[in-house]
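This is what each chain is made of:
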Amino acid sequence: MTHVEDELNSQPECWMRAAEAAGRHRDALPEPGERVAIVGCGTSYFMAQAVAGLREGAGQGETDAFAASEFPHGRSYDRVLALTRSGTTTEVLELLGELRGRTRTTAVTADSGTPVMSAADDLVVLDFADERSVVQTRFATTALTLLRAHLGLHTDSVVADARTALSTSLPEALVGCTQFTFLGRGWTVGLANEAGLKMREASLSWTEAYPAMEYRHGPISVTTEGTAAWMLGAAPEGLAQQVRATGGLWIDGGLDPLAELVRIQRLAVAVAAARGLDPDQPRHLTRSVILAP
């Protein structure tokens, strides 16, 4: 079993621990009414998009998501929340340094022995969700679960759906597809973006991700036999029929969207295996991007 497989299979237990820990970290996490920016790089940026959608949707305050390198310094926030598995990513550390003393910052990380521990004002360490793999799975979803629980939006059914996602077979036709499109609405747009990234990283697949209502505005033109369109969450009316009419394979995500992401992680590993690739050795990637001065 690869590191990626081992780690993605452990997600239900990690989510349970994160949900239980949310109360202990209440003071370090955004309070209702705060104006918040959530930042990250790569997978963490897409998790930031999902959390921002959840928090604003729950009426807890204006919430934006940015790649750490694209943070708008002309805007005012009550708190900046950084998601960083390694705690060593250059863009995140530089941003936290620039915000020191003028904006309260919180970092959610997996490693207590990294520079982010002294760069942020408040810290949440999810060391039980740390990973050996380059390709992120359980840390990202565990951090999202922590924040989802903090918002009062996590339930036991999410964990049950994750177990279902791990125990049920994937549709056989999926592994043979040549192009994958992931669709979301609201907070699941971030999950769709992450699904596409996971497939690219682990299996070198041609993937795209869109807000579901945008799919009709051009992207559906490339959908044909060999294309899979996977919906995370409730689909817009009529979209499934339109995709099927192109000859594409429609996957209706019936589980909690975060559990659907687990199914997609499994798909990435399965496609990598079918193509003779090692998902623990993704091409041109390292576990953390650390830029030379």
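The structure reproduced in this document is the subject of the present report. (Residues numbered from 1 in each chain as written. Predicted model: local features only at pLDDT ≥ 70, side-chain atom pairs only at ≥ 80, totals over all residues. Heavy atoms only, no water.)

A few words now on the sheet that holds strand β8 (residues 227-232). Where strands meet in a sheet, backbone hydrogen bonds hold them as pairs that are either parallel or antiparallel. What the four strands build is an open sheet, ordered β7-β6-β8-β9; its pairing is parallel. Single-partner strands in this sheet number two, and they are β7 (206-211) and β9 (249-253). Ignoring which end each strand starts from, the neighbouring axes of this sheet average 20 degrees apart. As paired strands, β8 and β9 are joined by five bridges and run parallel to one another. The residue of β9 that forms the bridge with Trp230 is Ile251. Sitting on the sheet, helix α9 (residues 188-203) is in contact with β6 (179-184), β7 and β8, with an inclination near 160 degrees to β6. Here helix α11 (residues 257-274) sits on the sheet in contact with β6, β8 and β9, set at roughly 155 degrees to β8. (Pairing = 2+ DSSP bridges. Helix = DSSP H or I, 4+ residues; strand = E, 2+ residues; numbered from the N terminus. Axes fitted to C-alpha atoms, helices over the stretch in contact; angles between N-to-C directions. Contact = heavy atoms within 4.5 Å.)

This part takes up the pattern of salt bridges. The tally for this structure, following the rule as stated, stands at 12 salt bridges. In this structure, the salt-bridge partner of Glu34 is Arg79, at a minimum N-O distance of 3.0 Å. Taken together, the positions of Glu34 in the loop between α2 (11-21) and β1 (36-40) and Arg79 in strand β3 (residues 79-84) put the pair 45 residues apart, joining distant regions of the chain. Among the residues examined, Glu34 registers a relative accessible area of 12% and is labelled buried. Given the relative accessible area of 0%, Arg79 is considered buried. Glu194 is the partner of Lys198 in a salt bridge, and the nearest nitrogen-oxygen pair spans 2.9 Å. You can see Lys198 and its partner Glu194 sitting in helix α9, four residues apart, about one turn around the helix. Of the two residues, Lys198 and Glu194, neither departs from the other in class, the shared state being buried. Here the salt bridges do not stand alone but share partners, grouping Glu34, Arg79, Arg104 and Asp122 into one network. (Salt bridge = Lys/Arg side-chain N within 4 Å of Asp/Glu carboxyl O. Buried < 20%, exposed > 50% of the residue type's maximum accessible area, 1.4 Å probe, protein only.)

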